[in-house]
Amino acid sequence: AAAPQACGFKWMIAQRISLGWDAWFLRMAVDHDIGLIFLHRTNVLRRYFSAYDKERRIKKKHVSAGGKGHQAAPRLPDFPLPVGSALIKGLEETYELNELLDEWQAEADEHGARTLRVSFEEMVADK
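The structure displayed is predicted, hence computed values, not measured ones.

> Can you lay out the packing of aromatic side chains for me, pointing to particular residues and giving the numbers?
Overall, the coordinates contain nine aromatic pairs when judged by the stated rule. Ring centres of Tyr-48 and Phe-49 lie 5.2 Å apart, and the angle between their planes is 65 degrees; on these two criteria the pair is classed as edge-to-face. A relative accessible area of 10% places Tyr-48 in the buried class. An aromatic cluster is built from Phe-9, Trp-11, Trp-21, Trp-24, Phe-25, Phe-38 and Trp-104, whose rings are joined through pairwise contacts.

> I'd like to hear about unusual backbone geometry, residue by residue, with values.
Unlike most non-glycine residues, Arg-16 shows phi in positive territory, near 65 degrees. As for its placement among the helices and strands, Arg-16 is situated in the segment before helix 1 (18-31). Judged by relative accessible area, Arg-16 falls into the exposed class, the value being 56%. Even without being a glycine, Asp-33 presents a positive backbone phi close to 55 degrees.

> Describe helix 1, with residues and values.
Given a rise of 1.5 Å per residue, 14 residues ought to cover 20 Å, and the 19 Å separating the end C-alpha atoms of helix 1 matches this to within 8%. The sharpest bend along helix 1 measures roughly 55 degrees and falls at Trp-24. Along helix 1, the residues that are buried comprise Gly-20, Trp-21, Phe-25, Leu-26 and Ala-29. Elements in contact with the buried residues of helix 1: strand 1 (36-40) and helix 3 (84-110). Among the residues trailing helix 1, Asp-33 stands out with phi positive, at a value near 55 degrees.

> Mind laying out the pairing of strand 1, listing which residues take part and the relevant values?
Burial of the side chains of strand 1 is restricted to one face: Leu-36, Phe-38 and His-40 are buried, whereas none of Ile-37 and Leu-39 on the reverse face is. The pairing of strand 1 with strand 2 (residues 115-119) spans five bridges and is classified as parallel. From the neighbouring strand, Leu-39 faces strand 2, where its bridge partner is Val-118.

> Describe the nonpolar core, listing the residues and the values that go with them.
Ranked by size, the top nonpolar core spans 11 residues in total: Ile-17, Trp-21, Phe-25, Leu-26, Ala-29, Leu-36, Phe-38, Leu-101, Trp-104, Ala-108 and Ala-113. Counting only elements with at least two residues in this core, the list comes to helix 1, strand 1 and helix 3. At four residues, the largest contribution of residues to this core is made by helix 1. Those residues in contact with Trp-21 that sit more than four places away from it in its chain are Leu-26, Leu-36, Phe-38, Trp-104, Glu-107 and Ala-108.

> Describe the side chain of Gln-105, listing the residues and the values that go with them.
Mapped onto the secondary structure, Gln-105 falls in helix 3. Beyond its immediate sequence surroundings of up to four residues, Gln-105 is in contact with Phe-38, His-40, Thr-115, Leu-116 and Arg-117.

> Pulling in residues and values, what's your account of the pattern of salt bridges?
Evaluated as defined, the whole model comprises three salt bridges. Residue Lys-89 is joined to Glu-93 by a salt bridge in which the shortest nitrogen-to-oxygen separation is 3.4 Å. Of the two residues, Lys-89 and Glu-93 both sit in helix 3, four residues apart, roughly one turn of that helix. On the accessibility criterion, Glu-93 (40% relative accessible area) is partly exposed. Linking Arg-117 and Asp-102 is a salt bridge whose minimum nitrogen-to-oxygen distance equals 2.6 Å. Of the two residues, Arg-117 sits in strand 2 while Asp-102 sits in helix 3, which places them 15 residues apart along the sequence.

Parameters and conventions
- Residues numbered from 1 in each chain as written.
- Predicted model: local features only at pLDDT ≥ 70, side-chain atom pairs only at ≥ 80, totals over all residues.
- Heavy atoms only, no water.
- Phe/Tyr/Trp six-rings, centres within 6.5 Å; stacked < 30°, edge-to-face > 60°.
- Buried < 20%, exposed > 50% of the residue type's maximum accessible area, 1.4 Å probe, protein only.
- Helix = DSSP H or I, 4+ residues; strand = E, 2+ residues; numbered from the N terminus.
- Expected span 1.5 Å × (residues − 1).
- Bend = angle between axes of the 7 residues up to and from the residue.
- Contact = heavy atoms within 4.5 Å.
- Pairing = 2+ DSSP bridges.
- Core = buried A, V, L, I, M, F, W, Y, C linked by side-chain atoms within 4.5 Å.
- Salt bridge = Lys/Arg side-chain N within 4 Å of Asp/Glu carboxyl O.

These results come straight from atomic positions and should not be treated as a statement about function.
Now the structure itself:
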């Protein structure tokens, strides 16, 4: 007998999974016995700065790619760190995304989907 096989994909909040979650994704997962893994980054501050740095790098890449000929692209600050109310707002939005994942997992559990919660920090600690 052949060993069981598994395959998967990663669909992140930033990739607009919320558009499909209510409309069809959860129903499909339940109907086809698809297991859902909810990867959490429990340290909100680290998650915020990781996303912030990713966005900064994307913007820097686009600015660099837009230069013509040998014209130097404008230099972006290495890490233009938000402070004060801007930082608090960003952290609150990040925390709300964590809560959204908790809500989706609870909803999936209620509908009988197989779920697993994995902490990003726990995975890194295993190295």
